[in-house]
Amino acid sequence: MSISIEARPLEARPPPSQFSAKLQRALGGRAGWRGFAFQLLFVVALIWIGTEIVANVRVNLAAQRITSGFGFLERTAGFDVSQNLIPYTGSDTYARVFLVGLLNTLLVSVLGIFLATVIGFIVALGRLSPNWLLSRIAGAYVEVLRNLPLLFQIIFWYVAVLRALPNPRQSISLLDILFLSNRGLVVPRPIADPGLQPFILALVAAIVAALALRHYALKQLFDRGRKLVIWPYVLALLIGLPLLSALLFGVPVTFEIPVLKGFNFSGGSRLIPEFVALLLALSTYTATYIAEIVRGGILSVHKGQMEAGSSLGLHRGDTLRLIVVPQALRVILPPLTNQYLNLTKNSSLAVAIGYPDLVSVFAGTTLSQTGQAIEIIAITMGVYLLISLTTSAIMSFYGWRISRSLGP
Amino acid sequence: MKRVSLVFTLAIAAGLGAGLAAQAASAQTLKTIKDRGQLSCGVSQGLPGFSSPDDKGNWTGLDVDICRAIAAAIFNDPAKVKYIPLSAKDRFTALQSGEIDVLSRNTTWTLSRDTSLGANFAGVNYYDGQGFMVKKSLNVNSALELNSASVCVQTGTTTEQNLADYFKSNNMKYEVIAFANDDEAIKAYESGRCDVFTTDVSGLYAERLKFANPAEHVVLPEVISKEPLGPMVRHGDDQWFDIVKWVLFAMVDAEELGINQKNLDDMAKSDKPELKRVFGTDGNLGEQLGLTKDWVYRIVKGVGNYGETFDRNVGAGSKLGIARGLNALWNKGGIQYAPPIR
């Protein structure tokens with residue numbers, strides 16, 4: 001009896017159905033279909049609890065005859081707001097109040113993020129500087145400002161700014177154009193003239209031309225190794241073209257000079273002290289955290305990278321810009337995003353000093369005038385969530401671009 | 001601090017969602033208070049004359065006396081009150097959510113508040129009106145001279161809307177700076193951020209007391225609105241609504257009948273049928289309310305009649321020294337009038 005060993009040709013096992021396996025893994029994780037069943041159960045329970053809460057609230061609000069729903073947004077607000085970026089009077093609706101408050105929040109957040117980033121980078125570089133005095137000053141700035149409560153700092157700036165400034169009749173004026181008083185900084189207001197359109201077109205054209213020039217210079221550098229000095233031409237373009245348009249088509253804007261009339265200035269635009277105090281406090285406070293994040297990021301890049309850069313013949317500035325900072329940004333970006341989100345959320349402390357942000361005019365005044373706490377708090381939460389998610393998305397996109405340019 | 005109040009509003013908004021079921025269904029406010037052994041009363045964060053704590057933490061004021069009178073009627077002890085200080089913008093939410101049993105916090109009775117907040121006004125304990133305060137050095141004699149002025153105001157009040165109406169109907173421009181707290185608004189006014197501070201006239205006199213030099217500030221003669229201030233209760237418990245309403249009436253009626261803390265015991269022995277009904281020696285009016293027969297006796301003994309609390313807190317006997325004016329009894333030239341206890 002012979003044992004015959006059949007020579008089976010070596011054959012790959014047929015792969016399991018890709019789609020079903022992937023789906024299974026995606027939905028149920030390692031637990032497979034059983035895990036999926038549990039997840040489904042959980043989601044159903046969550047939805048059930050949610051609808052139950054909504055239904056319960058509806059019934060109870062109706063039983064207590066508390067008005068509910070979003071109809072209040074159409075009603076007339078009947079109160080005024082001290083700073084509005086869009087036209088607003090007391091006879092507008094609550095929906096408009098919402099918009100006014102939202103824009104005020106966005107204004108202080110965007111400017112705050114910008115200022116905090118600039119100050120933060122400068123302080124970080126200062127702290128890394130070999131100059132003993134400079135690095136100690138930057139260090140002291142960080143340690144003092146980040147260790148004091150933000151609300152305290154906001155009130156400090158507000159009170160400090162207010163107490164130090166004179167009343168409008170004795171305001172400090174610069175050439176009778178700028179006026180600084182405890183009503184804020186009054187500056188001439190630009191009013192558009194017919195020359196504005198060609199002026200803007202000329203400016204855009206100048207920018208496009210400058211970019212093209214830069215592209216050409218880079219191409220020359222990479223292809224032929226020739227380094228072109230282009231900044232004088234760029235400057236000439238950016239100044240010359242708009243100037244030419246102003247000469248040909250007339251001035252783009254005229255300015256309305258503020259005049260003291262009665263209690264206050266009429267004409268001109270005004271930065272209210274509440275805004276200035278809030279912006280200063282938010283940006284200087286957040287800048288301390290950003291400075292530390294940036295410092296950490298730069299220190300995380302191995303110093304061999306710097307040496308490699310100089311051995312290639314790059315200037316110190318170019319090494320920083322082209323080699324160190326892009327690598328540091330990978331470390332910096334995620335915590336930096338956190339700080340941006342914090343700044344935006346912290347702007348709601350505005351309510352303490354009477355800056356009309358979203359929380360103050362909408363979740364404050366509107367809530368107490370309409371009494372519709374649930375709707376208004378829900379809208380406000382939704383808006384902050386949206387702002388935060390948008391900021392995160394923008395930062396992630398930026399991070400993705402950087403990591404793509406750095407390669408894997 | 002502001003953060004706290006936002007968190008507070010959030011918590012209450014959440015509470016509204018979750019906790020209202022029990023509230024609405026049972027609506028046994030009186031029983032709940034008796035079980036708890038204490039009345040929860042929403043008051044201001046410190047308005048002298050109406051509700052403010054002294055240096056020992058004892059609350060006094062005209063609005064506080066409403067809380068004390070209710071506690072006296074229920075427990076025969078005016079001290080059994082837990083005071084919850086509320087900002088103008090948090091007050092209604094606190095009432096809606098059941099955090100407080102009664103809101104006695106210089107709150108103006110308006111139609112929209114009466115209808116849309118799920119609450120009722122139980123009467124008027126002070127007839128007020130909105131006014132303006134300016135620094136004497138500005139040499140302003142009338143509110144009509146306030147064109148282009150900056151005005152400090154507390155947010156979440158009828159004041160904000162009256163202000164908009166007044167300046168609009170007189171074709172004047174102004175800038176409004178709205179603060180969440182009265183104290184912050186006052187500080188901003190004092191530091192010169194605003195030319196004008198506005199609130200109810202009684203409030204202006206009260207706040208003026210807080211200044212280093214009150215004589216430097218004047219209250220302008222114009223009163224631009226009607227501000228009837230009174231206590232508020234939640235919808236859904238008519239018995240409780242009646243109790244709060246009639247405690248207030250009892251204080252006014254006691255003054256009208258000449259019952260005060262000094263002659264209380266003598267009056268209680270009187271044979272007059274009117275007084276016998278009030279003191280419960282005849283009939284059971286107090287029990288009909290859900291209280292005891294001697295409820296008026298308890299109120300006057302613990303707190304005094306309306307005139308006494310007025311004098312003690314805001315009137316001639318207080319630092320504010322406000323005249324009775326509209327708040328005098330109807331038979332003495334004012335409009336304070338309570339339905340009869342019978």
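From a predicted model like this one, the values you see are computed outputs, not experimental measurements.

Of the residues lining the interface, 45 residues belong to chain B; the matching set on chain A comes to 43 residues. Mapped onto the side of chain B that touches chain A, the elements with two or more residues apiece are α1 (2-26), α4 (91-96), β9 (149-154), α6 (158-169), β10 (174-179) and α7 (182-190) of chain B. The biggest single contributor to the side of chain B that touches chain A is α1(B), with twelve residues. For the side of chain B that touches chain A, the residue count by class is 19 nonpolar, 16 polar and ten charged.

Core analysis: the biggest nonpolar cluster contains 83 residues, and I154(A), L278(A), V151(B), C152(B) and V196(B) have the highest contact counts within it. A total of 14 residues in this core trace back to one element, the largest contributor, which is helix α8 (residues 273-300) of chain A. Sequence-distant contacts of L278(A), defined by excluding residues within four places in its chain, comprise V108(A), I154(A), S347(A), A350(A), I353(A) and Y355(A). Among the nonpolar cores identified, the runner-up in size contains 67 residues, and F241(B), L291(B), I299(B) and V314(B) belong to it.

Our next topic: unusual backbone geometry. Residue and element names in this part refer to chain B. Positive phi, close to 60 degrees, is recorded for N76, a residue that is not glycine. Its place among the elements puts N76 in the loop between α3 (62-75) and β4 (81-85). With 16 C-beta atoms counted inside 10 Å, the residue N76 sits in the partly exposed group. For N171, which is not glycine, the phi dihedral falls at a positive 55 degrees. Among the secondary structure elements, N171 is positioned in the loop between α6 and β10. Look at N171 and you get exposed, because 7 C-beta atoms sit within 10 Å.

Within a beta sheet, neighbouring strands are joined by backbone hydrogen bonds and run either parallel or antiparallel to one another. Residue and element names in this part refer to chain B. Across the sheet, which stays open at both edges, the five strands sit in the order β10-β9-β11-β8-β12 with mixed pairing between neighbours. Sheet topology places β10 and β12 (217-219) at the edges, where each strand pairs with a single neighbour. Between one strand and the next, the sheet's axes are offset by a mean angle of 30 degrees, whatever the strand orientation. Where strand β8 (residues 130-135) and β12 come together, three bridges link them in antiparallel fashion.

All names here are of chain B. By the criterion of burial, helix α14 (residues 306-313) is predominantly enclosed, with six of the eight residues buried. When we look at burial in α14, the residues that qualify are Y306, G307, E308, T309, F310 and N313. Structurally, α14 contributes buried residues whose contacts are with β3 (59-60), α3 and α9 (238-257).

Next up on the list: the domain arrangement of chain B. Residue and element names in this part refer to chain B. Examined at the domain level, chain B breaks down into domain 1 (2-127 + 229-332) and domain 2 (130-225). On a C-alpha basis, the centroid separation for the pair domain 1 and domain 2 is 29 Å. Each side of the interface is counted separately: domain 1 has 18 residues, and domain 2 has 14 residues. Looking at side-chain class alone, the side of domain 1 that touches domain 2 contains eight nonpolar, seven polar and three charged residues.

It is worth spelling out the sheet that holds strand β3 (residues 184-187) of chain A at this point. All names here are of chain A. Spatial ordering of the open sheet is given by β1-β2-β3-β8, a layout of four strands whose pairing is antiparallel. Whereas interior strands pair on both sides, the edge strands pair on one side only; in this sheet they are β1 (172-174) and β8 (269-271). Mean inter-strand twist for the sheet, computed between neighbouring axes without regard to direction, equals 20 degrees.

Cut-offs applied
Note on numbering: residues in each chain are counted from 1, in written sequence order. Chains carry letters and ligands carry numbers; both start at the beginning, A for chains and 1 for ligands, and go up in the order they are written. Confidence filtering applies because this is a predicted model: local features only for residues at pLDDT of at least 70, side-chain atom pairs given and counted only at 80 or more, and all residues used for totals across whole chains, interfaces and linings. It is the C-beta atoms, placed from the backbone, that decide contacts: two residues are in contact if theirs lie within 7 Å. Helix numbering and strand numbering both begin at the N terminus, where a helix is a DSSP run of H or I of at least 4 residues and a strand a DSSP run of E of at least 2. Charged residues are taken to be Asp, Glu, Lys and Arg, nonpolar residues to be Ala, Val, Leu, Ile, Met, Phe, Trp, Tyr, Cys and Pro, and polar residues to be all remaining types, Gly included. Only buried residues count toward a nonpolar core: Ala, Val, Leu, Ile, Met, Phe, Trp, Tyr and Cys, linked into one set through C-beta atoms within 7 Å. The exposure label follows from counting other C-beta atoms within 10 Å of a residue's C-beta, where the C-beta atoms are placed from the backbone and the thresholds are 20 or more for buried and 12 or fewer for exposed, leaving partly exposed in between. Criterion used throughout: strands pair if DSSP finds at least two bridges between them. An axis is simply a line fitted to the C-alpha atoms; with a helix, the fit covers only the stretch in contact. Between two such axes, the angle follows the N-to-C directions and lies from 0 to 180 degrees. In this document the domain limits rely on a domain assignment from an automatic tool or a database.

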